[in-house]
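Residue-level structure breakdown
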Amino acid sequence: YNNGNKICGILVENVLRNQQNNVVIGIGLDNIGNWERNQLLANLVREVDNSLREYQLFGFPLLRREWLDNCIHYQTQITLTQDNQFLAQGMHCDLSETGELVVKTAQGIQKFSSSTISLIMDSK
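In this report, the structure presented in the accompanying data block is examined. These figures come from a predicted structure and were not determined experimentally.

Look at N18: it is not a glycine, yet its phi comes out positive at around 55 degrees. You will see that Q75, though not glycine, has its phi angle at about 65 degrees, which is positive. Tracing the backbone through its elements, the reader meets Q75 in the loop between helix 2 (60-70) and strand 3 (77-82).

Written out as structure tokens, the structure reads:
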């Protein structure tokens, strides 16, 4: 977010192909600034490459910590929907060791992992 405006979105989807698990990551950028697109793309590719190297060296725990440190909805109230239907509401409290979103709901701790789930930050 920049001045309250969403400037990007990330979609992560697990794909099982030929008995091998693959991850597809999509990044959408809204060009609300006067960014030079080629430089922005070069910077993005460099940062993704650096993250992949960190993952190879240190595994998921480091990336998990970095993700939580930079997540705008960590420790906030969120609502999850799927196919425009209410799924859950609660406090985003963690990211599991397998990459699931961990939410503390009225029913207790729940984990979510699906490319079809939408997350909405609740108003304060």
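The structure having been displayed, the exposition proceeds.
We now examine a nonpolar patch on the surface. Together, I10, V12, V23, I25, I27, L29, V48 and L52 give the surface a local cluster of nonpolar side chains, amounting to about 720 Å² of exposed area. Broken down by secondary-structure element, the contributors of at least two residues to the nonpolar patch are strand 1 (8-17), strand 2 (20-29) and helix 1 (37-58). With four residues, the top contributor of residues to the nonpolar patch is strand 2. Looking at the secondary structure, you find L52 in helix 1.

A few words on the sheet that holds strand 5 (residues 101-105). Strand order in the open sheet formed by five strands is 6-5-4-3-7, with antiparallel pairing between adjacent strands. The open sheet is flanked by strand 6 (108-112) and strand 7 (117-121), the only strands paired with a single partner. Taking each pair of neighbouring strands and ignoring which way they run, the sheet shows an average axis angle of 45 degrees. As defined by bridge partners, strand 3 adjoins strand 4 (residues 85-95) across six bridges and the pair is classed as antiparallel. In the sheet register, T79 faces strand 4, and the bridge partner there is Q89.

With respect to the helices, strands and loops of the structure, I27 is situated in strand 2. I27 gets classed as partly exposed once you look at its relative accessible area, which sits at 38%. With 91 residues separating them along the chain, I27 and S118 place their C-alpha atoms 15 Å apart.

Hairpin connection of strand 3 to strand 4: two residues between the antiparallel strands, including D83 at a positive phi of 55 degrees. Here strand 4 pairs with strand 5 via five bridges, running antiparallel. Bridge pairing in strand 5 links L95 to L101. With antiparallel pairing between neighbouring strands as the criterion, strand 4 and strand 5 make up a hairpin whose turn holds five residues, including G99 at a positive phi of roughly 85 degrees.

Rules used in this analysis
- Residues numbered from 1 in each chain as written.
- Predicted model: local features only at pLDDT ≥ 70, side-chain atom pairs only at ≥ 80, totals over all residues.
- Heavy atoms only, no water.
- Helix = DSSP H or I, 4+ residues; strand = E, 2+ residues; numbered from the N terminus.
- Patch = residues over 30% accessible without salt bridge, like charges linked within 9 Å, V, L, I, M, F, W, Y side chains within 5 Å.
- Areas by Shrake-Rupley, 256 points an atom, 1.4 Å probe, with all protein chains shown as cover.
- Salt bridge = Lys/Arg side-chain N within 4 Å of Asp/Glu carboxyl O.
- Pairing = 2+ DSSP bridges.
- Axes fitted to C-alpha atoms, helices over the stretch in contact; angles between N-to-C directions.
- Buried < 20%, exposed > 50% of the residue type's maximum accessible area, 1.4 Å probe, protein only.

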